[in-house]
Structure formats: structure tokens, C-alpha cells
Amino acid sequence: MNKTAITGMGIISSAGTNLTDFWNTLSCGTVTYKEIPEYKADKNFRTHIGARVQDSTWQKNLTEMQRQSFGKAALYAVSASRSALENAKIDMDTASRLRTAVVLSTTMGEIQTEEAFSEIRHQEGFGKIPQNLLRQYRTDHIASAVSSALQLSGPTYMVPAACAGGNYAVGLGKNILEWNLADIVIAGGVDVFSRVAFTGFQRLLSLSPDLCKPFDRERKGLILGEGCGIVILEREQCAHARNAKIHGILAGVGLTADRHHMTAPHPDGDGAVRAIRQAIQEAEGTVQDIDYISAHGTGTISNDKTEVKALETVFGGGSVPPLSSIKSMIGHPMGAAGAIELIACLQMLENNLLLPTVHYETPDPACNIDCVPGTARKAKLSCILSNSLGFGGQSSSIIITRG
Amino acid sequence: MNKVYITSANTIIGTGWDAEQNCHKILPQQYEPLLQSVPTRNMDRISKIALAAARSTLEARGITVSKDTPNNYGILFGTQFSALDSIHNFDMEALKKGALAVNPGLFPNTVLNAPACQASIHCRFAGPVYTVCSGPLSTLDALGIGYNLIRSGVTSMVLAGGADEAEPLHCAMQNNKKEKGEAAGFLLLESADTIHCGTPLAEIAGYASCALHQKQRTTLSFTLADMITTAVKSGGISARDIACLSLYAWLPANESERLLADLYTELKLNGTREAIKTDWMGSGGIVQANKIIGSKHKALWCLVNADEDKAAVLIIKRL
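Just so it is clear, the model here is predicted, and its values are computed rather than measured.

Regarding the overall build of chain B
Secondary structure assignment for chain B yields 10 helices and 13 strands. Against the compact-globule benchmark of 20 Å for 319 residues, chain B has a radius of gyration of 19 Å, which places it among compact chains. For the C-alpha atoms alone, the extent of chain B along its principal axes is close to 60 × 45 × 30 Å. A burial count over chain B gives 66% of its 319 residues as buried. Per element, the accessible surface of chain B, about 11,200 Å² overall, is 50% carbon and sulfur. One way to put it: in chain B the 29 positive side-chain charges average out to a point 5 Å from where the 29 negative ones average out.

Below, the structure written as C-alpha cells:
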């Protein structure tokens, strides 16, 4: 079967809005979350830390009309998709002429639009909500914005899958190429910083009041983030034919469900175990082939423990390859996490460098793993596993290898 | 490639009437009896109606999946709005009472994949769980992706369909004068490998979906005819074999009729045709499919969904 090549990447993250800044920030172990002034001023928020995109340069490849008519999630998606196509050296005419599909995921969609019209409704009543905001709130308009901005004619899907979303979108993108429904796929995830998510996670007592410390015994929870990660998928043969740079091969995907609980992971990591095994099987590899794992690693007590348990089930206790969580630096960008972490994995592959888990100080006996603490580490990499686990028991793993 | 059969189907169509919203609503008595033994405290309405439809579809096929049975069964939940109303209600509650006063038990309803995951949890489906938001094409795209997952052997069984609500927020977002309706339904799709007993009701024979850019919108009937031809060809059939054509489009009723007539001329068809008039939001596709299963007319059906910026086609052979 023709392999799926990843030939382009586009990023909008608190760690950077271009690939160079993103890599430099992460490889130096720089933390990008900080206190949010408006939450500090509000007594209803007991925690005030979040990772927001501060740099506004991502907007430069958008038109004024797009800025006025699309919601922020759609704007992130359009901008990152343009950057990813540029990185793949695919011009807009080619993308438009070929069957170019768009597959994106999210957790809450155009949530800042909802927050804007909720404030209007709260103060002035339902009838005062402007029609343009109601129109923006439609989830499918995020993917449609990409298709319309780039004049594409392939299938266009929004497939929300909470925090497993990025991997779900990339997985469907791979399928779409295999089913011959498209020639190029723009795939990824997007979520914007959200008061609703912040409120909800605060009420679930899942937010850390200070630092995100995945796998550390003293970990206190996650830090909410935002962003967008987009990759360009093509058949390997087509990528070679146009002499494209192949950042990596999407060798295997495992998508499963815990079928257990809406917020709690299965105690044995059932869905995660099956997703990892499925991805390895699809990649026609073995556990010995995995050089490094990009962990979901949110920094909550139960999620980290369950993920390690799942990894020990698959790899054997004491045999889990080095793993790390970049959420220790960028927080949790929800539906964008999988795609952003995939981009970090491709950069690690290119640079033969493992990104660190920062703030790791105290080992947790329940997480007996090498989490690349503190600083980046040189390593020879040819095969990487990346996990993303989401609300509702959505579990996903992907494997990338060198092109 | 596997053949893909429809082995069970159930769609809950709203029987209540809300004059203010100009809408057929699904009544509690239509879904609550189907949720017995399910802990529904804190579960929102969209998840309840989705889960009720999923359970009844499996029940009609006599399938019960036990908790620890390993399986790769998938769920494809198509929905235009999914939990958007629950997100909005959660946020309004936080604005009114303060962020510290909202019920944390309602937060899980605020992720757009919640209804699909509730179906996965309570039906014990352990494979991929996709929520598909494609506007009015949502359930048809969910059926099409489900068809391809089975056809290519990724999964052996899929519950595909979806649901949408018509609360005041959704009606305001739709902003049209059409009569609206709520519907929730699923088809059980299986490959020949999993059909050990029972007779398949129908076979899915083709699918196509694409974005429409400006130029294609001006020649919509030509684009749709092209899509239909592609979809039937993938199933090894000819467009001329289509006996019934059903169109669900965002257009006003008279324009839908005109588009349907143009399509008929374009494809040189002779059979029956129907333009769906009610705005079922994302559930239009499952309502169309439900009609096929309900009919005894053994024929080749072509379902077409069109929105301003995208369109999808599904070919179903009623057996």
C-alpha cells in the first residue's frame, strides 16, 4: 500500500506562531503559560494560569474580509493551513486544482464566539444576539472556512473528538488518502482559549494553580492552553514525484474508545492499550521499534498514572521507551494537542533531540518512567509514538517514522 | 473491498409540535423508555436522544455487546449542532451565578463529542468514535465515512447516523423560514463477515462528498450530477439505474424542486424524485435513509445533500 507522507506543517501555539520559534522555545525548555490578568481580578476564578497565544503575527496571511467574517478558531485554522501548504511547497493554484480535503478537529469549536454572544444575551437578552455571531458558531464553518479561503474542492470534515481530536483528524486524513477520496489532505486540530473550559476544569478541580508537572509525584493538574496544528498529508509516491521534503511517514494509527466514563479514564487504560497496539500493528512494527513516546501527559493525577499503566501493559514494566510531555511547557491546547504534538515529534525526528518534561522533580512510584526531565536530550530517532486521550474515553495513538 | 450492508435501522422523528419554533419536537415519551437502566442524571437532551436511537437500532438487530468483549465496532455520529446548546447553557449559568457555582456534573456535556461517546459507553462499542459536523450534510457524511471504514476493513461494524435538536438557539442559528424538525437515528452497517444471521435490509453502494467553491455553486446541478456519477461508478453501477432520487438542500422549496428537475435532466433519469421540505438540520440524511428502509421498494436510491459550500451523495440499494 502507498504510504502516507507528511510534507507540510503549520503551527499556532503559545510556544510560537512559526516552526522555528516553536522549536526554539520547546528545545530550550521554556514555559509559555502565565497569569491571566482578567481571571486574577475575578473572585470566581481560584486559579489564574493559562497558556495563550500572545504573538499576533499569525494573522498576517489572512485577508481583512476573513478577519471580519470568521470566528477565531476558523482564523487559526486558515492561517495555519496556509503556512502548512507553504511549508509543503504546494501553491494555492495546485491545492485548488487537485482534490484537496480538509479534516479538522476541535473540542468546543468557536467557543469565543459563544462567549461573546452569551455576554450579550446576559446583558441585553436573546433577541440582541447579532446574526453574524450565530452564524460563526456553527462548528462545520471552521473547516469550511479553510476550504473557502483556499478555494478547495475535496471533502471537508469537522470531526470533534475532544483532546484526542488532532490524532482523530490525522487518522481520518490518512484513511481519505487510502480510500482515494483526495490527493492532498489538510489535517489537524484547533481550539481557542476558553472561559467555558477554564470554568469547567476549575469545577472538576483539574487545574493546576501554578505549574504543569506531568508524571511528578507533586503534580497538581493541567494548565489550559490553545492553538492550532496543521499537517499536509500526501501519498508518499506523489511526494517523491514532486521532490517534496518528507518530514515523516504516518505509519500507523490506532483509534479506540474506553467505553467507560465521560471524564475518568478506564482504570486499566483499556482504550489506550488497544490504541497503542493498533498503531504499532498498522505500522507493521514491534514495541522494540519505538524510540520515543510523546505522552498525552496532562499533569493530572489519574490521567498520567493511567497512561503509564497502559504503556507498561504494552511495553512491559521497566521497558517503556523515554517519553515526555510538552504540555509541561505549552499547557493543554485541547483539540489541538494531538496535531501540535505531532509537529513537535516531526521536529524531534528531524533534529534527533528529545524535548523535555520541565518542572519534573519528584519521581512518582506510580509513574516509573524516564520522562526526559528538565532539559532536551540527544537521541537517535527513527520511530515515534504519540498518544492523545480525550473526554468520553476517546483514545488515539499515531506512529511516525523517517521518510 | 468489503460489501457494506445495512442490517438494522431506527430513527426517532419528532411527533410533538412547537408552534413558536415552527418545529416538530421529539417528546420525552419517544426516547425516555429506551433509556431504562441508563444513568442519565446530568446527561443532556442531545445525548439522551442520540443514545436512545443507538440502543433501539442495536436492539432491533438483537445485538448486545457485553462490557469486556473486545471489539472494533465504530460509531459515526453526524450532527450539525451536537452539544452547542449545552455549552451555551453552561456558560449562561456561569455568567448568572458565577464560575464557582456551576454544576461540574454538566461540564462533560460541553464537549462536542459527548453524545457519540455516551453511545459508545452505553452500547459498549470499543472502536473509533467519530462525531461528524458537516452542517446539513452531517448524518449523510457520517453514513459515508462509516461505509468507507467497513468497506476498507478498518472496522467490521458501525453505528452510523446522528441527531440534532431544535432549541431556540439552533432555530436562531438556522435563520430560515422553513418548518423544522428534530430527528435522531442510526443505521447498523456491517460487512458480510459479521452477518451471521438475519437478512440485510439494504446495501450501501457508493459515496461522494466535496466542498463547493464559487464556480461550482453557479453550476450546481452539473457538479451534483458529476458527484452522483462518481459515487455510483465506485459501486460498479450506472447512474441510469437510479430509481429514486431524494434531495435535501439548504435552498427554499421551489429552488430545491428546480435543482432536482435539473439533476434529472442532467442524468437522464426516469424514476421518482423528492425534495425534502422540512429543515432537519444535520439529520436530513438519516431521515432520507429511514424512508428507504421503511419503503418496500427494492430499488437503487440516490440521496443528495447540499449546503451553500459543500455537498454529499450516498447510493443505497434496497434489498
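Looking at the packing of helix H6 (residues 111-124) of chain A against helix H3 (residues 84-97) of chain B
Orientation of H6 of chain A relative to H3 of chain B, taken along the N-to-C sense of each, is 50°, at an axis distance of 10 Å. The orientation of H6 of chain A with respect to H3 of chain B, classified from their angle, is oblique. The chirality of how H6 of chain A crosses H3 of chain B is right-handed. Contact residues: Ile 111, Glu 114, Glu 115, Phe 117, Ser 118, Glu 119, Arg 121 and His 122 of chain A in H6 of chain A; Ile 87, His 88, Asp 91, Met 92, Leu 95 and Lys 96 of chain B in H3 of chain B.

So, the domain arrangement of chain B
Residues and elements named next belong to chain B. Partitioning chain B into domains gives domain 1 (4-194) and domain 2 (205-318). Relative placement of domain 1 and domain 2: their C-alpha centres are 24 Å apart. Each partner contributes residues to the interface: domain 1 has 39 residues there, and domain 2 has 36 residues. Of all residues in domain 1, Pro 136, Leu 140 and Lys 178 give up the largest surface area on contact with domain 2, accounting jointly for 25% of the area buried on that side. Where domain 1 packs against domain 2, one counts 0 salt bridges. At the junction of domain 1 and domain 2, the tally comes to 16 residue pairs in polar contact (both at pLDDT 80 or more). Elements supplying a minimum of two residues to the side of domain 1 that touches domain 2: strand S1 (4-13), helix H5 (138-151), strand S6 (157-164), helix H6 (168-174), strand S7 (180-181) and strand S8 (183-191). Broken down by element, the side of domain 1 that touches domain 2 gets its largest block of residues, 10 residues, from H5.

As for the interface of chain B and chain A
Of the residues lining the interface, 70 residues belong to chain B; the matching set on chain A comes to 65 residues. It is Leu 100, Phe 107 and Tyr 130 of chain B in chain B that bury the most area against chain A; as a group they hold 13% of the surface buried on that side. The interface formed by chain B and chain A holds 4 salt bridges in total. With a shortest N-O distance of 2.7 Å, Asp 140 of chain A and Lys 310 of chain B are connected by a salt bridge. At the level of elements, H3, helix H4 (114-123), strand S5 (129-132), H5, H6, strand S9 (202-211) and helix H7 (214-218) of chain B are the ones that each hand at least two residues to the side of chain B that touches chain A. Among the elements that line the side of chain B that touches chain A, the one with the most residues is H3 of chain B, at 9 residues. Counted by class, the side of chain B that touches chain A contains 38 nonpolar, 22 polar and 10 charged residues.

Observations concerning the pattern of salt bridges
What the rule picks out here adds up to 37 salt bridges over all chains. Residue Arg 274 of chain A is joined to Asp 270 of chain A by a salt bridge in which the shortest nitrogen-to-oxygen separation is 2.9 Å. Of the two residues, Arg 274 of chain A and Asp 270 of chain A both sit in helix H12 (residues 270-282), 4 residues apart, roughly one turn of that helix. The burial state of Arg 274 of chain A is the same as that of Asp 270 of chain A; both residues are buried. For Glu 165 of chain B, the salt bridge is made with Arg 45 of chain B, and the minimal N-O distance between the two is 3.2 Å. Of this pair, Glu 165 of chain B sits in the loop between S6 and H6 while Arg 45 of chain B sits in helix H2 (residues 45-61), and the two are 120 residues apart along the sequence. Just as Glu 165 of chain B is buried, Arg 45 of chain B falls in that class too. The network of salt bridges with common partners includes Arg 138 and Asp 140 of chain A together with Asp 307, Asp 309 and Lys 310 of chain B.

Details of helix H13 (residues 301-315) of chain A
Residues and elements named next belong to chain A. Here H13 is 15 residues long and its end C-alpha atoms lie 21 Å apart, about the 21 Å a rise of 1.5 Å per residue gives. Taken together, the buried positions of H13 are occupied by Asp 304, Thr 306, Glu 307, Val 308, Ala 310, Leu 311, Val 314 and Phe 315. The elements touched by buried residues of H13 are H12, strand S9 (292-294), strand S10 (323-324) and strand S13 (383-390). Gly 316 occupies a position one or two residues after H13 and carries a positive phi of about 95°.

So, the packing of aromatic side chains
As enumerated under the stated definition, the model contains 14 aromatic pairs over all chains in all. For the pair Phe 193 of chain A and Phe 198 of chain A, a centre-to-centre distance of 6.2 Å together with 45° between the ring planes defines the contact as tilted. Each of the two residues, Phe 193 of chain A as well as Phe 198 of chain A, counts as buried. Aromatic rings pair up to connect Tyr 39, Phe 45, Phe 193 and Phe 198 of chain A into one cluster. Its guanidinium or amino end placed over the ring of Phe 193 of chain A, Arg 52 of chain A lies 5.6 Å from that ring's centre, counting from NZ or CZ. Across from the ring centre of Tyr 264 of chain B, 4.9 Å away, lies the NZ or CZ of Arg 273 of chain B, which sits over that ring.

A look at the side chain of Gln 347 of chain A
Within the element layout of this structure, Gln 347 of chain A appears in helix H15 (residues 337-351). Among the residues examined, Gln 347 of chain A registers a relative accessible area of 5% and is labelled buried.

Some details on the sheet that holds S10 of chain A
Strand pairing in a sheet is mediated by backbone hydrogen bonds. Such pairs are either parallel or antiparallel. All names here are of chain A. Read from one edge to the other, the open sheet built from 10 strands follows the order S5-S4-S6-S7-S1-S8-S14-S13-S9-S10, with strand pairing classed as mixed. At either margin of the open sheet sits one strand with a lone partner, and together these are strand S5 (156-158) and S10. Here H12 sits on the sheet and contacts strand S8 (248-257), S13 and strand S14 (394-401); the angle it forms with S8, its principal contact strand, is near 150°.

Focus on the sheet that holds strand S2 (residues 16-18) of chain B
Residues and elements named next belong to chain B. Reading across the sheet, the 3 strands line up as S2-S3-S7 and stay open at both edges, with mixed pairing between neighbours. What marks the edges here is a single partner per strand, and that holds for S2 and S7. Looking at chain direction, S2 and strand S3 (residues 23-25) are connected through 3 bridges and run antiparallel. Paired with Gly 16 across the two strands is Lys 25, which belongs to S3.

Here we look at the pairing of strand S1 (residues 4-13) of chain A
Residues and elements named next belong to chain A. Within S1, 10 of the 10 residues are buried, leaving the element largely enclosed by the surrounding structure. Strand direction decides the pairing type here: S1 and S8, joined by 3 bridges, are antiparallel. Bridging across to S8, Ala 5 finds its partner in Ile 249. Pairing between S1 and strand S7 (residues 227-235): 9 bridges, direction antiparallel. Each residue of the ladder has a partner; that of Gly 8, found in S7, is Ile 232.

Concerning unusual backbone geometry
Of note in the backbone geometry, Lys 89 of chain A takes a positive phi value of approximately 55° without being a glycine. If you trace the backbone, Lys 89 of chain A turns up in the loop between helix H4 (72-87) and helix H5 (92-97). In this structure Lys 89 of chain A comes out as exposed when scored by relative accessible area, which is 70%. With phi around 55°, Lys 268 of chain B is a residue other than glycine that occupies positive phi space.

Scoring rules and cut-offs
- Residues numbered from 1 in each chain as written.
- Chains lettered and ligands numbered in written order.
- Predicted model: local features only at pLDDT ≥ 70, side-chain atom pairs only at ≥ 80, totals over all residues.
- Heavy atoms only, no water.
- Helix = DSSP H or I, 4+ residues; strand = E, 2+ residues; numbered from the N terminus.
- Rg over C-alpha atoms; globule rule 2.2 N^0.38 Å.
- Buried < 20%, exposed > 50% of the residue type's maximum accessible area, 1.4 Å probe, protein only.
- Areas by Shrake-Rupley, 256 points an atom, 1.4 Å probe, with all protein chains shown as cover.
- Lys, Arg positive; Asp, Glu negative; His and termini not counted.
- Charge placed at Lys NZ, Arg CZ, Asp CG, Glu CD.
- Axes fitted to C-alpha atoms, helices over the stretch in contact; angles between N-to-C directions.
- Parallel < 35°, antiparallel > 145°, perpendicular 65-115°, else oblique.
- Left-handed = near helix turned anticlockwise from the far one by under 90°.
- Contact = heavy atoms within 4.5 Å.
- Domains from an automatic or database assignment.
- Buried area = accessible area lost by both parts, 1.4 Å probe.
- Salt bridge = Lys/Arg side-chain N within 4 Å of Asp/Glu carboxyl O.
- Polar contact = N/O pair within 3.5 Å; in protein donor to acceptor, adjacent residues only side chain to side chain.
- Nonpolar A, V, L, I, M, F, W, Y, C, P; charged D, E, K, R; others polar.
- Expected span 1.5 Å × (residues − 1).
- Phe/Tyr/Trp six-rings, centres within 6.5 Å; stacked < 30°, edge-to-face > 60°.
- Lys NZ or Arg CZ within 6 Å of the ring centre and 35° of its normal.
- Pairing = 2+ DSSP bridges.

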